[in-house]
Amino acid sequence: TIEGTQGMEGFRIQIYYSSVRQAREESARARAEFIAKFPGIVSYAQYQEPGYFMVRAGDYRTRAEGHKYLLMVRKEFPNAYLVPAVINFPDQENR
């Protein structure tokens with residue numbers, strides 16, 4: 001896990017990753033489009049040195065769980081793929 005982050009190891013769907021000059025604006029557009037098309041899936045805008053912007057979605061505990069959503073997301077974002085990530089702990093109140 002990344003030092004200092006709270007969460008558990010799991011998976012997220014990466015829908016955008018770039019370091020081009022307009023990456024900040026493109027990532028914001030990609031995230032806005034994702035939120036409009038998939039309002040029920042949480043998304044995260046992230047920045048990684050040296051200048052990479054990315055948009056990741058979901059908090060999946062297993063690859064199988066993430067893959068189920070990946071197939072749905074790929075209908076709108078064909079280049080999306082599953083990545084290992086530190087995810088937020090599942091909300092115990094919704095169980």
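A quick note: this is a predicted structure, and the numbers were derived from the prediction, not measured.

Enquirer: Teacher, can you tell me more about the environment of Glu-65 here?
Expert: Structurally, Glu-65 can be placed in helix α2 (residues 63-73). The spacing of Glu-65 and Phe-11 is 54 residues in sequence and 8.8 Å in space, taken between C-alpha atoms.

Enquirer: Would you explain the nonpolar core in this entry?
Expert: In this structure, Ile-13, Ile-15, Phe-34, Ile-41, Val-73, Phe-77 and Ala-80 are the most contacted members of the largest nonpolar core, which totals 18 residues. When contributions to this core are tallied by element, the ones reaching two or more residues are β1 (8-18), α1 (23-37), β3 (52-60) and α2. Ignoring any residue separated from it by four or fewer positions in sequence, one finds Ile-41 in contact with Phe-34, Ala-57, Gly-58, Tyr-60, Tyr-69, Met-72 and Val-73.

Enquirer: Help me understand the packing of aromatic side chains in this model?
Expert: Aromatic rings in a pair are described by how distant their centres are and how their planes are angled relative to each other. If you walk through the whole model with that rule in mind, you get 5 aromatic pairs. Note on Tyr-17 and Tyr-52: the rings are 4.9 Å apart at their centroids and 15° apart in plane angle, and the pair reads as stacked. Separated by 35 residues along the polypeptide, Tyr-17 in strand β1 and Tyr-52 in strand β3 bring together distant segments of the chain. Owing to a relative accessible area of 28%, Tyr-52 belongs among the partly exposed residues under this scheme. Aromatic side chains Phe-34 and Phe-38 sit 5.1 Å apart centroid to centroid with 35° between the ring planes, which places their arrangement in the tilted category. Residue classification places Phe-34 among the buried positions, given a relative accessible area of 0%. Residue classification places Phe-38 among the buried residues on the basis of a relative accessible area of 10%. Here a set of aromatic residues connected by ring pairs shows up, and it is made of Phe-34, Phe-38 and Phe-77. Here the guanidinium or amino end of Arg-12 rests over the ring plane of Tyr-44, the centre of that ring lying 3.7 Å away.

Quick notes on the rules
- Residues numbered from 1 in each chain as written.
- Predicted model: local features only at pLDDT ≥ 70, side-chain atom pairs only at ≥ 80, totals over all residues.
- Heavy atoms only, no water.
- Helix = DSSP H or I, 4+ residues; strand = E, 2+ residues; numbered from the N terminus.
- Core = buried A, V, L, I, M, F, W, Y, C linked by side-chain atoms within 4.5 Å.
- Buried < 20%, exposed > 50% of the residue type's maximum accessible area, 1.4 Å probe, protein only.
- Contact = heavy atoms within 4.5 Å.
- Phe/Tyr/Trp six-rings, centres within 6.5 Å; stacked < 30°, edge-to-face > 60°.
- Lys NZ or Arg CZ within 6 Å of the ring centre and 35° of its normal.

Don't take any of this as a statement about function, it's just geometry.
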